[in-house]
Every structure is written in C-alpha cells, then in structure tokens.
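Summary of structural features
These are the residues of each chain, in order.
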Amino acid sequence: MPLEIATIPCLSDNYAFLAHDAANGQTALVDAPESGPILAELEARGWSLSHVLLTHHHWDHVDGLAGILEKHPAKVIGAAADAHRLPPLDQQVSDGDTFEIGGEPVQVLDVSGHTVGHVAYYMPQSSVVFTADSLMALGCGRLFEGTAPQMWASLSKLAALPDETIVCSGHEYTQSNAKFAVTVDPNNTALLQRMADIDRARAEGRPTVPSTLALEKATNPFLRATDPAIQAHLGMENADPTEVFAEIRARKDRF
Ligand code: ZN
Ligand code: FE
C-alpha cells in the first residue's frame, strides 16, 4: 500500500510533507520550516514521527526541527555532504544510498545546484519524490551555490523517474513561475492550460503542490531545454541543452 502523503503549508510559502505508513505506523517528515503547523498536523492525524528527512541546509527547511524533536524524538537523516551545516544528523546519506521508511525503500538522489549537497528522496513503491528547491512546480531553485550544468544534471536525473511520480517540492511559487514560463514557451497549450488551473487553485486557496512529473515534463521550462520550440524561441536551435537551461535560468533571475 502506498504511503499516505500530507502536504503542510508553513511560513509564507513553504511546504513540509508527512509520509505515513498505515501498516506499521511509521511517519517521516520531509523538511522542517517551522514547528507549529507540523506539530498541529501530526496531532490532528494522531501520527508520531519516526524519521525526519532534510533536503538542504537553508533556514526555511530546517529551523523548525528543534521544536519538532522536543515532541517527536525522531531519527534525523540528511546529506553527508551537508552534515557540517545541517542540524545534528543521526544518519548521513549520499547519492545512491537507500534506506527504509515503513518497510518501503527510499532512494537518495544528489540534486545539487540550488545548494551543493541538496538531496532529493525518491520512494519508488509510493511513486513520490521530495525535491524541495531542486525541481519545483513549474520552476527550479535559484543557483545559489551550484552551476547551471550541475542543476541541469540534477533535473535530468529527476526527469528520468517514471512519469506518474508525484513531485513534492518546497515552495508555493507556481503562479509567479507560470508568468515566467509563458515568456519562454508561449505556444505550449499544456502550459496555458496549467496556468488556468493554477489561477483557479490559488483563487480558491488551494495549493498547487504536489504535481506530477508528467505535468512538469510537459510544462516546466527548466525541464524542456531540449524542446525545439523553446530553443527556437530563444534563438538557440540545436544548442547544447545545458546552455539552453543556463539561458532560461538567467532569464528567470532577471524576470
Ligand atoms: Zn532553499
Ligand atoms: Fe526554500
């Protein structure tokens, strides 16, 4: 049975996630932006934490951890590469490592780019990947530490997961990402349809996260650097996808 996923809005535009195994009662939290909403969600559902998975060191993904651990003394897992700047870890993981939550394997993917040491957690049996600030809904994280080739490699790794994979990313930036996406991919009907869906969801106060990998591949310009229409629109026909990605990222930074 797939794990039950709960999406928890935190701070002004962050998301944390709970992944719960009904069979054995284990529950993993992915990222800890702030303790209040996460503790409230656990209480409302009657779940207690067994694991905390950290994606990267930014404060808006870890600052709630201490307050959560006071009530839920869970095992904290994060990247070995980031151990020096993450809260204390009980288990350090690296690209290619696998561990288990509730009897289900969790694969660690290095997705450096936004930061160097950022990891994603992929649970193939539940078809869900936690990407935080790497692949985001209609976007990708800003390149604070890594390079464009590094982020393109990370996004390509995520794009190779099965289409039906549920993408749990770290922020509600989708509506502003859409305004940018349409400037580089103006004739993409799937994108225009998604923009309408996003506007409706936000008007009704609903989150636009999670999404699916199929939808991201069809509409997210940062996964579409090989797309001939985008390349033509940028005047970069047949260019190296890494260069096309770098140009799209640079334009977004100026947008
Ligand atoms: Zn971040
Ligand atoms: Fe963030």
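The text that follows walks through the structure, step by step, so that each part is easy to find.

Cut-offs applied
Each chain has its residues counted from 1, following the order in which its sequence is written. Numbering of ligands from 1 and lettering of chains from A proceed in the order in which they are written. Local features are withheld for residues below a pLDDT of 70 in this predicted model, meaning they are given only at 70 or higher, and side-chain atom pairs are given and counted only at 80 or more; totals for whole chains, interfaces and linings count all residues. Side-chain metrics in this entry use all non-hydrogen atoms of the structure; hydrogen atoms and water are not considered. Strands qualify as paired when DSSP identifies two bridges or more between them. Where helices and strands are cited, they refer to DSSP runs of H or I of at least four residues and of E of at least two residues respectively, numbered from the N terminus. Salt bridge criterion: a side-chain nitrogen from Lys or Arg within 4 Å of a carboxyl oxygen from Asp or Glu. Think of it in three bands: with a 1.4 Å probe and only protein chains considered, a residue is buried below 20% of the maximum accessible area for its type, exposed above 50%, and partly exposed in between.

**Focus: the pairing of strand 8 (residues 104–110)**
In terms of strand pairing, strand 7 (residues 98–101) meets strand 8 through 4 bridges, oriented antiparallel. Residue pairing for strand 8: Ile 101 is matched across the bridge by Glu 104. Connecting the antiparallel pair strand 7 and strand 8 is a turn made up of 2 residues, with Gly 102 showing a positive phi of about 55 degrees. Judged from the 4 bridges that link them, strand 8 and strand 9 (residues 119–123) form a sheet pairing that is antiparallel. Note that in strand 9 the partner of Asp 110 across the bridge is Val 119.

**Considerations on the pattern of salt bridges**
Considering all chains together, one arrives at 15 salt bridges under this definition. In this structure, Arg 224 and Asp 185 form a salt bridge, with 3.2 Å as the shortest nitrogen-oxygen distance. A residue pair is termed long-range when its members are at least 10 positions apart, and Arg 224 in the loop between helix 7 (213–219) and helix 8 (228–233) and Asp 185 in the loop between helix 5 (174–184) and helix 6 (189–203) qualify at 39 residues. Across the pair, exposure class does not vary: Arg 224 and Asp 185 are buried alike. Salt bridges sharing common partners tie together Glu 4, Glu 41 and Arg 45.

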